[in-house]
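Examination of the molecular architecture
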Amino acid sequence: MSKRERLAAKAFEDFAVDYDEQIGRGMARDTGVEYGDFILKFIKLCDSPQECNVLDLATGTASVALALARREDGECRIAAVDITQGMLRQAKRKVEEAGLGKYIYVCNGSGNGLPFVDGSFSLVTCSLAFHHMHVADVLEELKRVLTSHGRLVMADMGAPPAWRKPWGRVIVPFYLMVRRLRDRRPIRSGSKMYTLHEWKSLLSQAGFSTTEEVCFFKGNWRPRLILISAVLSGGDYDQG
Ligand SMILES: C[S@@+](CC[C@H](N)C(=O)[O-])C[C@H]1O[C@@H](n2cnc3c(N)ncnc32)[C@H](O)[C@@H]1O
């Protein structure tokens, strides 16, 4: 595990049991969107073909995987992958309780090296987790496991454009530190937030074309909720 992965896994190991209760608070405060509504908005962007194979990267407690499995009603198989054992335990428990173990396979794995062969998935979802990863490296790995023209649907808390102004660069580190102290989040997990514009450019550099984007925010200074659906334009990893 890299240092970044170790930090993220440690942070989420401590957080796993309370995750579902805690996660929505910051999102609702910053963007006005409740976590349950967010999941519905997110899966709306997942225009999955019938009988598709889905990878839910950084699944956490499997909320996205469960919502997708319920919507698709047995028409897709979902690999729900995460690096944190505590989160995986919660995910397995929820999947079993929902009786959806036939459709959702919960397993340990990192976005930096996924335990799947090339071209395994027509859809990859990744919600609220990219800021813990080295995005360019993970996008390369996702291209490998996606079929040609496969889709990536991602969501993450992002930076408002104001943070990139010269005065923003000075103030933001202090602003983020105060927020972490207020939210009692002692562990930094090397997280990085991108603006919508930066996201689109990262995706485009990796060979993805954005087809849909949505952004939720309150004011010009708070973090924003960014949702993007993008399709892989190249065919490098086509398995025929
Ligand atoms: C904020 S949670 C998001 C969970 C879920 N996707 C959701 O929307 O509620 C971030 C998750 O990313 C996972 N994670 C962080 N880095 C990862 C990596 N490199 N590979 C796989 N999972 C990772 C953490 O373990 C954690 O469960």
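Treat the numbers as computed from the prediction; the structure is a model and nothing was measured. (Residues numbered from 1 in each chain as written. Predicted model: local features only at pLDDT ≥ 70, side-chain atom pairs only at ≥ 80, totals over all residues.)

**Notes on the overall build of the chain**
The secondary structure content of the chain amounts to 8 helices and 7 strands. Taken over C-alpha atoms, the radius of gyration comes to 17 Å for the chain, in line with the 18 Å a tight globule of 240 residues would show. Looking at the chain as a whole, 36% of its 240 residues qualify as buried. Taking all contacts inside the chain whose residues are at least 6 apart in sequence as the whole, residues at least 24 apart take part in 78%. (Helix = DSSP H or I, 4+ residues; strand = E, 2+ residues; numbered from the N terminus. Rg over C-alpha atoms; globule rule 2.2 N^0.38 Å. Buried ≥ 20, exposed ≤ 12 C-beta atoms within 10 Å, placed from the backbone. Contact = placed C-beta atoms within 7 Å.)

**Here we look at helix H6 (residues 135-145)**
When H6 is considered as a whole, its buried residues turn out to be Val-135, Val-138, Leu-139, Leu-142, Lys-143 and Val-145. Down the axis, H6 shows its buried residues gathered within 165° of arc, on one side only. Turning to H6, the residues buried within the fold contact strand E1 (53-57), strand E4 (121-127), strand E5 (146-158), helix H8 (196-205) and strand E7 (224-232). (Arc of directions from axis to C-beta.)

**Considering the site of the ligand**
Neighbouring the ligand are 23 residues, the closest being Ala-58, Gly-60, Thr-84, Ser-127 and Ala-129. Of all the secondary structure elements, the ones that give two or more residues to the shell around the ligand are helix H1 (3-15) and helix H4 (63-72). The element that contributes the greatest number of residues to the shell around the ligand is H1, accounting for 4 residues. (Near = placed C-beta within 6 Å.)

**Focus: unusual backbone geometry**
Among all residues except glycine, the phi angle is most often negative; among peptide bonds, the trans geometry is most common. A positive phi angle, near 50°, is found at Asp-73, a position not held by glycine. For Asp-73, the location among the structural elements is in the loop between H4 and strand E2 (77-82). For His-149, which is not glycine, the phi torsion reads 65° and is therefore positive.

**A look at the confidence of the model for the chain**
Of all residues in the chain, 92% attain a pLDDT of 70 or more, and the chain-wide mean is 90. Predicted confidence in the chain is weakest over helix H7 (residues 166-182), with a mean pLDDT of 78, and strongest over helix H5 (residues 85-98), with 98. Confidence drops under a pLDDT of 50 for residues 235-240, and excluding neighbours within four residues, the segment shows 14 contacts in the predicted structure. (pLDDT = per-residue confidence, 0-100.)

**Details of the pairing of E2**
Burial analysis of E2 places 5 of its 6 residues in the buried class, the great majority of the element. Of the pairings in the sheet, the one linking E1 to E2 comprises 5 bridges and is parallel in character. What sits directly across from Asp-56, in E2, is Ala-80. As a crossover connection, the stretch from E1 through H4 into E2 is right-handed. Where the polypeptide runs from E2 across H5 and back to strand E3 (residues 104-108), its parallel neighbour, the crossover connection is right-handed. (Pairing = 2+ DSSP bridges. Right-handed = clockwise from strand over helix to strand, strands pointing away.)

**Observations concerning the nonpolar core**
Among the nonpolar cores identified, the biggest contains 59 residues, and Ala-65, Leu-68, Ile-78, Ala-80, Ile-104 and Val-124 are the most heavily contacted of them. Looking at which element gives the most residues to this core, the answer is E7, with 6 residues. What Ile-78 contacts, discounting residues up to four positions off in sequence, is Val-54, Asp-56, Ala-65, Leu-68, Ala-69, Tyr-103 and Ile-104. (Core = buried A, V, L, I, M, F, W, Y, C linked by C-beta atoms within 7 Å.)

**Focus on the sheet that holds E5**
Taking strand neighbours across the sheet as the criterion, the 7 strands line up as E3-E2-E1-E4-E5-E7-E6 in an open arrangement whose pairing is mixed. Bordering the open sheet on either side are E3 and strand E6 (208-216), each of which pairs with just one other strand. Neighbour-to-neighbour, the strand axes of this sheet turn through a mean angle of 15°, independent of strand direction. The pairing of E2 with E3 spans 5 bridges and is classified as parallel. In the sheet register, Ile-78 faces E3, and the bridge partner there is Ile-104. Packed onto the sheet, helix H3 (residues 35-44) meets E4, E5, E6 and E7 and runs at close to 20° relative to E7. (Axes fitted to C-alpha atoms, helices over the stretch in contact; angles between N-to-C directions.)

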